[in-house]
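Chain by chain, the residues:
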Amino acid sequence: MEEPRIGVFICHCGTNIAGTVDIDEVREFASGLSGVVAALDYKFTCSEPGQLQIKETVEKERLNRVVVAACSPRMHEITFRKAVAEVGLNPYLLQIANIREQCSWVHKDGNTEKAKALIHAAVQRANLLEALERREVPVTPSVLIIGAGIAGIQAALNIADSNHKVYLVEREPSIGGRMIQLDKTFPTLDCSSCILTPKMAAVGSHPNIELMTYSELEEVSGYIGNFKVKVKKKPRYIDAELCNGCGICIEKCPWKADSEFDMGLGKRKAVYTPFPQAVPNVPVIDRETCVYFEKGTCKACEKFCPTGAIAWDQEEETVELEVGAIIVATGYDLFDPSPLTQYGYGRLDNVLTSLEFERMCSATGPTGGELVLKDGSPPQSVAIIHCVASRDKNYCEYCSRVCCMYALKYSHLIGEKTDADVYQLYIDMRCYGKGFEEFYQRLSDEGVNFIRGKVAQVTDQAVSDEEKGKLVVVTEDTLLGRMVRIPADMVILCPAMVPRADADEMAKRLLLSRGADGFFLEKHPKLEPVATVTDGVFVVGCAQGPKDVPDTVAQASAGAAEALSLIDRGKVEIEAATAVVDEELCSGCKVCLALCPYNAITFDEEKTVAEISDILCKGCGVCVAACPAAAITGRHFTDKQIVAEIEGLLADVKPPLVAV
Amino acid sequence: MVSGNHEPTIIGFLCNWCAYQGADLAGTSRMQYPANVRPVRVMCTGRIDPTFILKAFAEGADGVLVGGCHPGDCHYLEGNYKTIRRITMVRRMLEQFGIEPERFRLEWVSASEGARWAKICKEMTEQVKALGPLQWWENVREA
């Protein structure tokens, strides 16, 4: 190996680093380290002139290793790798010392000493770095989108319109997601289905979209640009090719169950489409409810089907797909408010969740759009309780972002449909979006009663004649500073938006991280809002966190753009920091074989040695640490490099290894 | 026995995907903690060879902290489970070397747990400071 000639570049990051680290002292220290031929500092090393300083020094001093002491490698490693590559240095000969996120920003004392230790470690490691070559592999030019709510629909149309293949997987019998359950959308009061169904129809008929409803993601393998996906198609028991969507089977079916789409407020048949505008307009037979599956008789649907589309012998099917990118648009669940027993949900009649209320308002809903109490009469007064489980340390600390606005929308809808008094019980009104404040003003003018306070209780225990036969909402009015009791006929709860119940399994399948709130975590909260830690997998819509329709649509298009930019480039570089077996040292013990989570290690029976596939290996290094013969090298994280780093970190500490 | 104002040095092995990101988040959020923990980034805690831990103590570290993804959340599916198994062995080895068990910690820190990382670093520093400098030779001789 050639003699290392290392350059150390120390970034001030304005005052972010220089404010708490003595740059001059650190630079002096670095210049004295073994292998270092140049140590320089600059105000912003990531800036154009900062990068130029590196490039010029590489050329002038014939540097063959570069250490940048700046922010986290997760911020600018790519920037500096590109910079050194431009002057002919292999990008793997760059080492970052993270003296900002894990030093200057987090300590009151000892920052300069720690920065010195981190740079010492980086220099020690840089001495041993080796050039690695990245391999290019072709990209499959298609995209898988998981979830066909408004986010998935928008992303699918964006990608399909650019002439790329999209596989859109939805677990429900129809696309549409949460948005199609809504009646109106705030603050414009657009009819939700009026604006969504044209997009749904476009998805259904798009030649570049392969729609897979009533289907679920089963397994994902592969890597960026080359994912292999297994999708489980549940049997519909109806042949989609033959079905013409006439709906006679639904009409004739004598068996009923609670409608999931109507949040259990209405009924649906055993053979059903969730709602009239379903896409595809092909019903499914629910095996649990259909009597034929239980007793072997009935077959009413089959008797009346004019096209002979009923297919009792359909079976679950697994379809294998190859895609270059994956967009996760799995949406959200509504928090089940039953655990907040003080609000009486599930115990008291006429206490509804917001989604239940949406269905009641909808013309296609269980009441045909009429607002009625359980006894069929219209409500005289309605109380809307905000922040149910949201902004509550016991449940969801975060704000669900849409509740204030849809609660205002409800006031308007209730006013349109009834003469009821409406009470908004809020903690803070958060009307931050375009047209939101104006909507709030409009509703204030429409005579809505706003009461500021967190509701203590909803009860049916009357203490006065006025309260008899009503629900009573007990709360402190924090603006008046006294307790109030509000008699109401109907109470609408605005529960938190929470991650899907199976978000955990999805995260495991796609190797996604989840935030403290349980939603999928984006790669960077500001600058990479749709990318994830798994390259080639993007997350959009409420799967990433609560948001309204416009934000969801914008983010979905962002995800589509990211996926397109990936699949359109034709090829992608594969990480070079993989593991490799030294055949001379390998004893053939096979310990590594069982450890590899990606089955990247095979055993060559002839040579009796293990072999690692460059393409399948993801560079975790679990086999490297396990090999008893030290025959496996983890490229870019070799034993020697890591040990050198440890020695560098501890160079200022006296070793205790003094035998007496 | 030296104790009291000894500032311990602790080596932290952090996995790239969870603990290192969590530590970065602590930085971005400007959460303050003592400067005693010095990080080594590895792709996965599964890469941590037990000899790295011993090497850190041999080179003068007063404590070693390993930070990885929560069980079930490993970016490489199950690397952290392998870490759990290896660490069980490491703990026994440390004991035999006369290194107090309080000088070693395995912690799970997710990418969103900046506050947790800061808290662990504070606790670990206090814990190791209380033990004073590592004098494993003395410990072995006494045993």
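In this report, the structure presented in the accompanying data block is examined. Predicted model, so just to flag it, every value in this text is computed and none were measured.

All names here are of chain A. The interhelical angle for the contact between helix 1 (residues 23-31) and helix 5 (residues 111-127), taken along N-to-C directions, is 30°, at an axis separation of 10 Å. Classified by the interaxial angle, the pair formed by helix 1 and helix 5 is roughly parallel. Note that helix 1 runs across helix 5; the crossing there is right-handed. In this structure, helix 1 uses E25, V26, F29 and A30 to contact helix 5, whose residues at the interface are T112, E113, A115, K116, I119 and H120.

Residue and element names in this part refer to chain A. Spatial strand order, 10-7-6-18-29: five strands in an open sheet with parallel pairing. Every other strand in the sheet has two partners, leaving strand 10 (209-212) and strand 29 (537-539) as the edge strands with one partner each. Within the sheet, the average angular offset between the axes of one strand and its neighbour, ignoring direction, is 20°. With three bridges connecting them, strand 18 (residues 325-328) and strand 29 associate as parallel partners. For I327, the partnering residue across the bridge sits in strand 29 and is F538. Sheet strands touched by helix 15 (residues 549-567): strand 6 (142-146), strand 18 and strand 29. Its angle to strand 18, the strand with the most contacts, is close to 170°.

Let's shift gears to the nonpolar core. Grouped together as the largest cluster of nonpolar side chains are 93 residues, with contacts concentrated most on A:V8, A:V66, A:I99, A:I119, A:I632, B:F13 and B:I53. Broken down by element, the residue count for this core peaks at seven residues, all from helix 5 of chain A. Setting aside residues up to four positions removed in sequence, A:I632 forms contacts with A:A579, A:V580, A:V581, A:C592, A:I612, A:C623, A:V624 and A:C627. Among the nonpolar cores identified, the runner-up in size contains 42 residues, and A:I327, A:V530, A:A556 and A:V572 belong to it.

Each partner contributes to the interface: chain A provides 56 residues, whereas chain B provides 53 residues. Both faces combined, the contact of chain A with chain B buries some 4800 Å², and carbon together with sulfur accounts for 60% of it. Counting across the chain A and chain B interface gives five salt bridges. Across the salt bridge formed by A:D652 and B:R38, the nearest N and O atoms sit 2.9 Å from each other. One can count 21 residue pairs in polar contact (both at pLDDT 80 or more) joining chain A with chain B. For the side of chain A that touches chain B, the elements supplying multiple residues, two or more each, are helix 3 (73-86), helix 4 (100-104), helix 5, helix 17 (622-626) and helix 18 (639-649) of chain A. Looking at the side of chain A that touches chain B, its residues break down into 30 nonpolar, eleven polar and 15 charged.

Okay, empty space enclosed by the protein next. For the structure shown, the criterion picks out ten cavities of 30 Å³ or more. Put simply, the largest cavity is a space of about 200 Å³. Lining of the largest cavity is provided by 17 residues; of these, A:Q95, A:I96, A:E645, B:Y20 and B:R41 occupy positions nearest its centre. Elements represented by at least two residues in the lining of the largest cavity include exactly helix 3, strand 4 (94-98) and helix 5 of chain A together with strand 2 (37-42) of chain B. When the residues that make up the lining of the largest cavity are grouped by side-chain class, the tally is ten nonpolar, three polar and four charged.

A few words now on the sheet that holds strand 22 (residues 421-426) of chain A. Residue and element names in this part refer to chain A. Spatial ordering of the open sheet is given by 20-27-21-22-23, a layout of five strands whose pairing is parallel. Two strands lie at the open edges of the sheet, namely strand 20 (351-353) and strand 23 (449-452), each paired on one side alone. Direction aside, neighbouring strands of the sheet carry axes that sit 20° apart on average. Where strand 20 and strand 27 (residues 490-495) come together, three bridges link them in parallel fashion. Pairing of T353 across the sheet is with L493, part of strand 27.

Our next topic: the packing of helix 11 (residues 354-361) of chain A against helix 12 (residues 403-417) of chain A. Geometry of a packed helix pair, given as the angle between the helix axes and the separation of the axes. Residues and elements named next belong to chain A. Running from N to C, helix 11 and helix 12 cross one another at 35°; their axes reach a closest spacing of 12 Å. The chirality of how helix 11 crosses helix 12 is left-handed. Counted together, S354, F357, E358 and C361 of helix 11 and Y406, K409, Y410, L413, I414 and K417 of helix 12 form the full contact between these two elements. Counted by class, the contact of helix 11 with helix 12 contains six nonpolar, one polar and three charged residues.

Rules behind the numbers
- Residues numbered from 1 in each chain as written.
- Chains lettered and ligands numbered in written order.
- Predicted model: local features only at pLDDT ≥ 70, side-chain atom pairs only at ≥ 80, totals over all residues.
- Heavy atoms only, no water.
- Axes fitted to C-alpha atoms, helices over the stretch in contact; angles between N-to-C directions.
- Helix = DSSP H or I, 4+ residues; strand = E, 2+ residues; numbered from the N terminus.
- Parallel < 35°, antiparallel > 145°, perpendicular 65-115°, else oblique.
- Left-handed = near helix turned anticlockwise from the far one by under 90°.
- Contact = heavy atoms within 4.5 Å.
- Pairing = 2+ DSSP bridges.
- Core = buried A, V, L, I, M, F, W, Y, C linked by side-chain atoms within 4.5 Å.
- Buried < 20%, exposed > 50% of the residue type's maximum accessible area, 1.4 Å probe, protein only.
- Buried area = accessible area lost by both parts, 1.4 Å probe.
- Salt bridge = Lys/Arg side-chain N within 4 Å of Asp/Glu carboxyl O.
- Polar contact = N/O pair within 3.5 Å; in protein donor to acceptor, adjacent residues only side chain to side chain.
- Nonpolar A, V, L, I, M, F, W, Y, C, P; charged D, E, K, R; others polar.
- 1 Å grid on protein atoms, 1.4 Å probe; cavity = no way out; pocket = protein on both sides within 12 Å on 5 of 7 lines; lining within 4 Å.
- Points joined across faces, edges and corners; volume = space filled by probe spheres on them.

In short, geometric facts, not functional conclusions.
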